[in-house]
Amino acid sequence: MKTLITLIASAVFTLVSYTLSAANLPDPLKFAKVETIVDHYIDATINGETELLDYLFTDDFSQSTPNNKNKELLSKNQVMKHLKSLKNVRHACDTNVEFVEKNEDCSIVKVTKYFSNFKRVDYVTMCNTEDGWKINKVLVAYPEN
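Note that the structure is predicted; figures quoted are calculated from it, not measured.

Asks: I would appreciate a short explanation of the confidence of the model for the chain in the present structure.
Replies: Low-pLDDT portions of the prediction should not be read for the details of their coordinates. Mean pLDDT over the chain: 86, with 82% of residues reaching 70 or higher. Mean pLDDT values over the elements of the chain span from 54, in helix α1 (residues 2-22), up to 96, in strand β4 (residues 106-114). Overall, residues 18-23 carries pLDDT values under 50, and its contacts beyond four positions in sequence, including any with other chains, amount to zero contacts.

Asks: Where do I start with the pairing of strand β5 (residues 119-129) in this structure?
Replies: A regular strand places its side chains so that they alternate between the two faces of the sheet. Here β4 pairs with β5 via nine bridges, running antiparallel. Its bridge partner being in β5, K113 is matched across the sheet by R120. In textbook terms, the turn of a hairpin is the stretch between consecutive antiparallel strands, and for β4 and β5 this stretch comprises four residues. Taken together, β5 and the strand that follows it, strand β6 (residues 132-141), pair antiparallel across an intervening segment of two residues.

Asks: I'm lost on the sheet that holds strand β2 (residues 70-75) in this one. Help?
Replies: Strand pairs in the sheet, formed through backbone hydrogen bonds, run parallel or antiparallel to each other. In spatial order, the strands read β2-β1-β6-β5-β4-β3; together these six strands make up an open sheet with mixed pairing. At either margin of the open sheet sits one strand with a lone partner, and together these are β2 and β3 (94-102). Averaged over all neighbouring strand pairs, the angle between strand axes comes to 20°, with direction disregarded. Strands in contact with helix α2 (residues 34-46) are β1 (57-67), β3, β4, β5 and β6; relative to β3, the strand with the most contacts, it is inclined by about 145°.

Asks: So what exactly am I meant to see when it comes to the side chain of R120 here?
Replies: Along the polypeptide, R120 turns up in strand β5. There is a polar contact of 2.7 Å between the side chain of R120 and the side chain of D122.

Asks: Could you clarify how one ought to interpret the pairing of β3 in this entry?
Replies: Of the pairings in the sheet, the one linking β3 to β4 comprises eight bridges and is antiparallel in character. Looking at the pairing, V97 lines up with V111 of β4. Joining the antiparallel neighbours β3 and β4 is a turn of three residues.

Cut-offs applied
- Residues numbered from 1 in each chain as written.
- Predicted model: local features only at pLDDT ≥ 70, side-chain atom pairs only at ≥ 80, totals over all residues.
- Heavy atoms only, no water.
- pLDDT = per-residue confidence, 0-100.
- Helix = DSSP H or I, 4+ residues; strand = E, 2+ residues; numbered from the N terminus.
- Contact = heavy atoms within 4.5 Å.
- Pairing = 2+ DSSP bridges.
- Axes fitted to C-alpha atoms, helices over the stretch in contact; angles between N-to-C directions.
- Polar contact = N/O pair within 3.5 Å; in protein donor to acceptor, adjacent residues only side chain to side chain.

Put into structure tokens, the structure is as follows:
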């Protein structure tokens, strides 16, 4: 009888452990407003705050940078790997955020980053998905001062 109780308890414990480990953690940004997503994007790219990075981008996210008539295209994995490598690294720059388009389904935001010797502009396209606002494309430009 003692062996049977131990066996049942072990089976229940194993089942509960497996269920809890397999459960998806909730998306902390699922109900965030578009402005919050922009703030987290800036925090990740400028301030090295990567804790919520996994929740910012769509699966088909891409980042492109026109470069002398060539276009460098980066995937979600490449961008996330780069940003995670810069965890806790703060860049000395000022930022300006301007909504180019904002509606309930999609928004385009112009994020200008002013560094000491150059300016970078990120055109960030976001869509309101079933998982909340997600960034699906970033076009990077380096305009002349």
